Amino acid sequence: MPMVHEDQDRHKGFTRRVLMLTCGKAALLSALVGRMYYLQVVEAEKYTTLAEDNRINLRLLPPRRGKILDRFGLELANNQQNFRVVVVREQTPDLTVTLDALSKLIHLSEHDYKRILRDVKRKRAFVPVTVKDNLRWDQVSSIEVNSADLPGASIEVGETRFYPYGADMSHVLGYVSSVSERELTGDPLLELPGFRIGKSGVEKYHDSDMRGKAGTSEFEVNAYGRVIRELSRNEGGSGREMILTVDAGLQTFVQQRLMSEQSAASVVIDIENGDVLAMGSVPSYDPSAFNLGLSNKQWNGLINNPLTPLTNKAIAGTYAPGSTFKMIVALAAMKEGIGAHSHPVYCPGFMKLGNARFHCWKRGGHGTVNMIEGLQHSCDVFFYDVARRVGVDKIAEMANKFGLGHKVGIDLPGERSGVIPTKAWKLANIGEPWQGGETLVTSIGQGFVLTTPLQLAVMVARIASGGKKVMPRLTRGYREDGKSVAYGVDAFEDLGIPQEHMRMIHQGMDAVSNNPRGTAYKYRLKEEGWELAGKTGTAQVRRITLAERQAGVFKNEDLPWRRRDHGLFVAYAPVHNPRYACAVIVEHGGGSKSAAPIARDILRETQRRDPARAAAISFGTEIKVNDVAGDS
């Protein structure tokens, strides 16, 4: 009997263990089923999304940058096909061997090697790394022919910015280059490899308009992120084509004419609407070089060049205007009741103020002159006298009306405001009271007075227009989706200058160029109906000592180039029906004799081409210029 009871107890224990094990398995199975239900039903949408994100990658495609056109539709900046060779690390047994083989077909510098190896380490093994771009067709052919010996290397096709007019347009157009770290704004477009943005000129001012809208490409990838196939593609939208006021032919002429000097600048403006027809600055640079890639030596050569080729001197170069400022002093004097004929001044060659002598440029003096004659002969003593009576603050007030002492608002980045001093300005900036002698020096455009060539061109345009507030502009409109849109221009407001006063200034400038006794008579335009009215200017870069003046041996041409005076000339044409205004500055040109013939030649070519009246791009819609926001 004991054996029977033991068997029964053993059977009961076994049954309990089986039951417990069965219950445990059932519980585990229930938990597994519940978890699967949760993942596949309750959380189905979430994990479907995660799976799709893992399977499909969305990649941005860089848009086509908008072109830049001149007023007649000529392309000033466009996009050209760009061939580049790339290498994929995982596809080559030995990257160094592949690069060495490539170096026998295309030049690879030590810097290129270091850059490539650095990029390869930063990127995943299957991501292409650019070895060299902007390849010539013969280089592309060589690489393709030798592809069997170049494992991992292949040719890709992209686009690069091209400037057909090269250095002639560089200061107007600017250039594009790679995005620097400080320029990243969170826009994913800026983070695309090889993406370029405007760095100066029109390229920078209208950068956001010309970028366009990025496209997208959907790729199917595996778990490692490697592309399997492209599922869809949206090319995005090209950027706007910006249409400038510039006449490319005139711009080329101006730039080439300025190149007769080491450093110079010029601006030509259409008086009627403010269109900047040409804007030259010398020396210049090739904007395409920034796309091709500048070496450290080339970059240092540009930034360390004492002639500052990267600076647009037309808007950012500030110079004492010299005697070109005398029209402003004359207008301020007439406003205060000092008439052109009723105020003769005797010029013995100097004026005494206290114990100081302020000399006229003509040692023997001009004798008795009135205002028109004072402009014609550029008599310093006459303007010393009227400036002393008017005062520097009244002169500054008139100068501000004519665009001096503040930015005129050109649609380019980098414009400088210059300086038109007042008593308050000196006290605030230098901490000293104004001196009477400084008013005399200001009257001939010296001392603290600083202007840009653009400001001087605007000043002359406002004079030639009879006292209208001419505002310069560089952009006429744009093209987008096949439509041309013009930027509207409001009628220029009147500056409130009596026409009698303006006629006196016109007569004085006419006499400068067309009276045999005028200071610029030898530089006049002889073509009938094309005559110009102008004003000479010489800006000292150093003060002539008494000993030098008495010795009379320190002529500009005898001095080192950097110690010579600047030469200036401002003018408008034609005299009897003004349409074009021009300003020229020649750094260390030795006086106006360097600038006047350049201005004459520019105004002759401008009238010959007559870009204001020639057939230009016709526009459809017109919008007000104030409604258009430039990216400055």
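Our subject is the structure listed above.
The written sequence of each chain sets the order in which its residues are numbered from 1. Whole-chain, interface and lining totals are the exception, using all residues; otherwise, since this is a predicted model, local features are given only for residues with pLDDT of at least 70 and side-chain atom pairs are given and counted only at 80 or more. Only hydrogens and water are removed before side-chain values are computed, so all heavy atoms of the structure are retained for them.

A. How the structure looks around the packing of helix α13 (residues 326–335) against helix α20 (residues 499–514). Axis lines are fitted to C-alpha atoms, over the contacting stretch for helices. Their N-to-C directions set the angle, which ranges from 0 to 180 degrees. Going along the chain from the N terminus, every DSSP run of H or I of four or more residues is numbered as a helix, and every run of E of two or more is numbered as a strand. Between α13 and α20, the least distance of the axes is 10 Å, while the angle of their chain directions is 145 degrees. In the packing of α13 onto α20, the handedness of the crossing is right-handed. For the pair α13 and α20, contact is made by M327, A330, L331, M334 and K335 and by H501, M502, M504, I505 and M509, respectively. Take the far helix as the reference: if the near one is turned anticlockwise from it by less than a right angle, the crossing is left-handed, and if turned clockwise, right-handed. What makes two residues a contact is simply this: any of their non-hydrogen atoms within 4.5 Å.

B. Structural context of the packing of aromatic side chains. Pairing of aromatic side chains here covers Phe, Tyr and the six-membered ring of Trp, requires ring centres within 6.5 Å, and sorts the geometry by plane angle: under 30 degrees stacked, over 60 edge-to-face, intermediate tilted. Here the structure, examined in full by the defined rule, presents 10 aromatic pairs. Judged by centre distance (6.1 Å) and plane angle (90 degrees), the rings of Y175 and Y285 are edge-to-face. Placement of the pair is Y175 in the loop between α6 (170–173) and β6 (176–178) and Y285 in the loop between β12 (276–282) and α10 (289–292), with a sequence separation of 110 residues. Neither residue differs from the other here; Y175 and Y285 are each classed as buried. Here a set of aromatic residues connected by ring pairs shows up, and it is made of Y175, Y285, F290 and W299. Counting as a charge over the ring demands two things of the Lys NZ or Arg CZ atom: a distance within 6 Å of the ring centre and an angle within 35 degrees of the ring normal. Of note, R71 hangs over the ring of F72, and the distance from its end group to the ring centre comes to 5.9 Å. We note R524 situated over the ring of Y521; from NZ or CZ to the ring centre the distance is 3.9 Å. Categorising residues by exposure relies on relative accessible area from a 1.4 Å probe, with only protein chains included: less than 20% of the type maximum marks a residue as buried, more than 50% marks it as exposed, and the intermediate range marks it as partly exposed.

C. A look at the environment of V584. With respect to the helices, strands and loops of the structure, V584 is situated in strand β21 (residues 580–586). A C-alpha to C-alpha distance of 4.4 Å links V584 and S266, two positions 318 residues apart in sequence.

D. Local environment of the sheet that holds strand β20 (residues 566–573). The antiparallel open sheet is built from five strands, whose spatial order is β12-β11-β21-β20-β19. Of all strands in the sheet, those with a lone pairing partner are β12 and β19 (533–539), marking the two edges. Taking each pair of neighbouring strands and ignoring which way they run, the sheet shows an average axis angle of 5 degrees. Here, strands pair whenever DSSP counts at least two bridges between them. Examined bridge by bridge, β20 and β21 share seven bridges and lie antiparallel to one another. If you follow V570 over to β21, its bridge partner there is A583. Packing of helix α22 (residues 592–609) onto the sheet brings it into contact with β11 (264–270), β12, β19, β20 and β21, and relative to β21 it is tilted by some 150 degrees.

E. Summary view of the environment of P516. Tracing the backbone shows P516 in the loop between α20 and β19. C-alpha separation for the pair P516 and Q376, spaced 140 residues apart in sequence, amounts to 9.9 Å.

F. How the structure looks around the pattern of salt bridges. Any carboxyl oxygen of Asp or Glu within 4 Å of a side-chain nitrogen of Lys or Arg constitutes a salt bridge here. All told, the structure shown has 32 salt bridges when counted by the stated rule. A salt bridge links K426 to E438; the shortest N-O distance between them is 2.7 Å. Of this pair, K426 sits in helix α17 (residues 423–429) while E438 is found in helix α18 (residues 436–443), placing the two residues 12 residues apart along the sequence. We classify E438 as buried; its relative accessible area is 19%. Salt bridges sharing common partners tie together R65, R161, D187, E203, D207 and R211.

G. View of the packing of α13 against helix α16 (residues 392–401). Running from N to C, α13 and α16 point in directions that differ by 115 degrees, and their axes come no closer than 9 Å. For the crossing formed where α13 meets α16, the hand is right-handed. Contacts between α13 and α16 involve I328, V329, L331, A332 and K335 from the former and K394, I395, E397, M398, A399 and K401 from the latter. Broken down by class, the residue content of the contact of α13 with α16 amounts to seven nonpolar, no polar and four charged. Amino acids are sorted into nonpolar (Ala, Val, Leu, Ile, Met, Phe, Trp, Tyr, Cys and Pro), charged (Asp, Glu, Lys and Arg) and polar (every other residue, Gly among them).

All we've got here are geometric facts, nothing functional implied.
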